[in-house]
Every structure is written in C-alpha cells, then in structure tokens.
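Here is how the chains run, residue by residue.
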Amino acid sequence: MPRTGREKCGCRQMTERGFMKTEFDIQLHTADMYRYNLYHTYTTAGGYLAVLASVLLFAAAGKTWGQTEPSRTVLYTAMGILLLFYTPVTLYLRSKQQVSASPVLKNVLHYVIDDTGVTTSQGELSSLLEWSQVYRVVATRHNILICINPRNAFIIPRDQVQKEYDAIRSIAQKHLEKYRFKMK
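Source: prediction; values computed, not measured.

### Observations concerning the overall build of the protein
What the protein contains, in helices and strands, is 5 helices and 9 strands. When the helices and strands of the protein are placed in sequence order, the string is β-β-α-α-α-α-β-β-β-β-β-β-α-β. In terms of overall dimensions, the protein is more spread out than a globule: its C-alpha atoms have a radius of gyration of 21 Å, far above the 16 Å expected for 184 residues. The long-range share in the protein, meaning contacts at least 24 apart out of those at least 6 apart in sequence, stands at 55%. Accessible surface for the protein amounts to roughly 11,200 Å². Of this, 59% is attributable to carbon and sulfur atoms. Charged side chains in the protein number 23 positive and 14 negative. The centres of these two groups are separated by 9 Å.

### A look at the layout of surface pockets
When its volume is computed, the largest pocket comes out at roughly 420 Å³. For the largest pocket, the lining is made up of 22 residues, of which Val-104, Leu-105, Leu-109, Ala-153 and Phe-154 are closest to its centre. Elements represented by at least two residues in the lining of the largest pocket include exactly helix H1 (30-42), helix H4 (103-106), strand S3 (109-114), strand S4 (117-122), strand S5 (125-130) and strand S8 (153-157). In terms of residue class, the lining of the largest pocket is built from 13 nonpolar, 8 polar and 1 charged.

### Looking at a nonpolar patch on the surface
A cluster of nonpolar side chains, Phe-58, Ile-81, Leu-84, Phe-85, Val-89, Tyr-92 and Leu-93, forms an exposed patch at the surface whose accessible area comes to about 630 Å². Looking at the nonpolar patch, the element that brings in the most residues is helix H3 (residues 70-101), giving 6 residues. The residue Leu-93 is located in helix H3 in this model. Leu-93 gets classed as exposed once you look at its relative accessible area, which sits at 52%.

### Examining the pattern of salt bridges
Scanning all chains against the criterion turns up 5 salt bridges. The partner of Lys-21 in a salt bridge is Glu-23, and the shortest N-O contact between them spans 3.8 Å. Take Lys-21 and Glu-23: they sit in the same class, and that class is buried. Residues Lys-174 and Asp-115 are paired through a salt bridge, measuring 3.3 Å at the closest nitrogen-oxygen approach. Taken together, the residues span a long stretch of sequence, with Lys-174 in helix H5 (residues 165-175) and Asp-115 in the loop between S3 and S4 at a distance of 59 residues.

### Details of the pairing of S5
Bridge count for S4 against S5 is 6 bridges, and the pairing is antiparallel. Of the residues in S5, the one forming a bridge with Ser-121 is Ser-126. Taken together, S4 and the strand that follows it, S5, pair antiparallel across an intervening segment of 2 residues, in which Gly-123 is found at a positive phi of about 65°.

### Section: the confidence of the model for the protein
In the predicted model, the protein carries a mean pLDDT of 88, and the fraction of residues at 70 or more is 90%. In this model residues 1-12 is a low-confidence stretch, pLDDT under 50, and it forms 33 contacts with partners more than four residues away in sequence or in other chains.

### Describing the packing of helix H2 (residues 45-64) against H3
Remark: H2 packs on H3, axes separated minimally by 8 Å, with the N-to-C direction vectors making an angle of 160°. Here H2 lies roughly antiparallel to H3, going by the angle between them. For the crossing formed where H2 meets H3, the hand is left-handed. Seen from H2, the contacting residues are Ala-50, Ala-53, Ser-54, Leu-57, Phe-58, Ala-60, Ala-61 and Thr-64; seen from H3, they are Thr-73, Tyr-76, Thr-77, Met-79, Gly-80, Ile-81, Leu-83 and Leu-84. Looking at the contact of H2 with H3 residue by residue, the class counts come to 11 nonpolar, 5 polar and no charged.

Procedures and definitions
- Residues numbered from 1 in each chain as written.
- Predicted model: local features only at pLDDT ≥ 70, side-chain atom pairs only at ≥ 80, totals over all residues.
- Heavy atoms only, no water.
- Helix = DSSP H or I, 4+ residues; strand = E, 2+ residues; numbered from the N terminus.
- Rg over C-alpha atoms; globule rule 2.2 N^0.38 Å.
- Contact = heavy atoms within 4.5 Å.
- Areas by Shrake-Rupley, 256 points an atom, 1.4 Å probe, with all protein chains shown as cover.
- Lys, Arg positive; Asp, Glu negative; His and termini not counted.
- Charge placed at Lys NZ, Arg CZ, Asp CG, Glu CD.
- 1 Å grid on protein atoms, 1.4 Å probe; cavity = no way out; pocket = protein on both sides within 12 Å on 5 of 7 lines; lining within 4 Å.
- Points joined across faces, edges and corners; volume = space filled by probe spheres on them.
- Nonpolar A, V, L, I, M, F, W, Y, C, P; charged D, E, K, R; others polar.
- Patch = residues over 30% accessible without salt bridge, like charges linked within 9 Å, V, L, I, M, F, W, Y side chains within 5 Å.
- Salt bridge = Lys/Arg side-chain N within 4 Å of Asp/Glu carboxyl O.
- Buried < 20%, exposed > 50% of the residue type's maximum accessible area, 1.4 Å probe, protein only.
- Pairing = 2+ DSSP bridges.
- pLDDT = per-residue confidence, 0-100.
- Axes fitted to C-alpha atoms, helices over the stretch in contact; angles between N-to-C directions.
- Parallel < 35°, antiparallel > 145°, perpendicular 65-115°, else oblique.
- Left-handed = near helix turned anticlockwise from the far one by under 90°.

Okay, structure coming up:
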C-alpha cells in the first residue's frame, strides 16, 4: 500500500498534549482468522459444553468397556472423537472461506490507533471506531483482538505488530476501563 503523506509504520508520536498515535499495516491470513474463531468458540458456553460432552462420552466409553456389547463402547468413543474434532475442523474451513471470500480481508488493512480510537482504512475507504464504542481489547498468544461487540473484533496478528505492541497497549490502557482491557 503506498504511503504518500503517511508516517512510516510503527511510528509512535506524542505531542505536547500527550496525544499518542501508532500506525501499521496488516495482512490477515486464514490462520489468524482460525485462531480468533477458536478463541471465540472455546471461551464461550458452547465451547465449554462441547468439551464437557466429549469428556463425558469418553468416560461413558471407559465405564462400559467390557460390561456391555462392544458396539456401545465404540459408539461412545466415536461420538466423543467426532464432537472433539468436528468443531475445530469446521472452524478452520469457515475461516478459510471467510478470508478468501472477503475482498476486505484478502487485502492489506491500514490501522491508525490513537487517542481518538481505531481507524481502519483500505484504499479510499476508512472507518473510525471510537474508544467509547470498543467492547474490550484482548491480547492472546497470537492476536490482538479489538472487540466491537461480544461476537466481532478487529484481528491484529501479533507477529505483524511486534514493534507497535507496546504503543497499542499503552493507548488502549489509557482509554479503557480495567475490565475492558486484557493485555499484558
């Protein structure tokens, strides 16, 4: 993406009034979307229930081993395996489809994070998410998630913003209440 008139990526500025700003470009990949979908699924009640159901099916298979006909034990084991692996596989396929089908996600996104909020732009299009509209900010092992609501988030791969991480963290911490800010 050409940078005519823009600061270099990772530039961290502070004016006399304490205005902080950082900007960078990211390219979202299937793995980044998959990690977000896994995080979202397995940190909600549905994800916990799927894991619990798998554990219960494996426990039932262990308990029925040798006490009932083998087909019942095999059925419990197969259902446990299916439940345990079905969700991650479908999440990967959905992530791959989301990234490949969306023109916005296929191309580089430019972010500006400052005291006003989070501005994303691509080509001529630009949108601002003010800090008062941010649901929460979470840093996982691989992504920074700027959540718009409980279901949707801006996904920023950490490996693409290593230099900007501290600036992102400082700006978000300055503008969000403690319960809406989960970055180390």
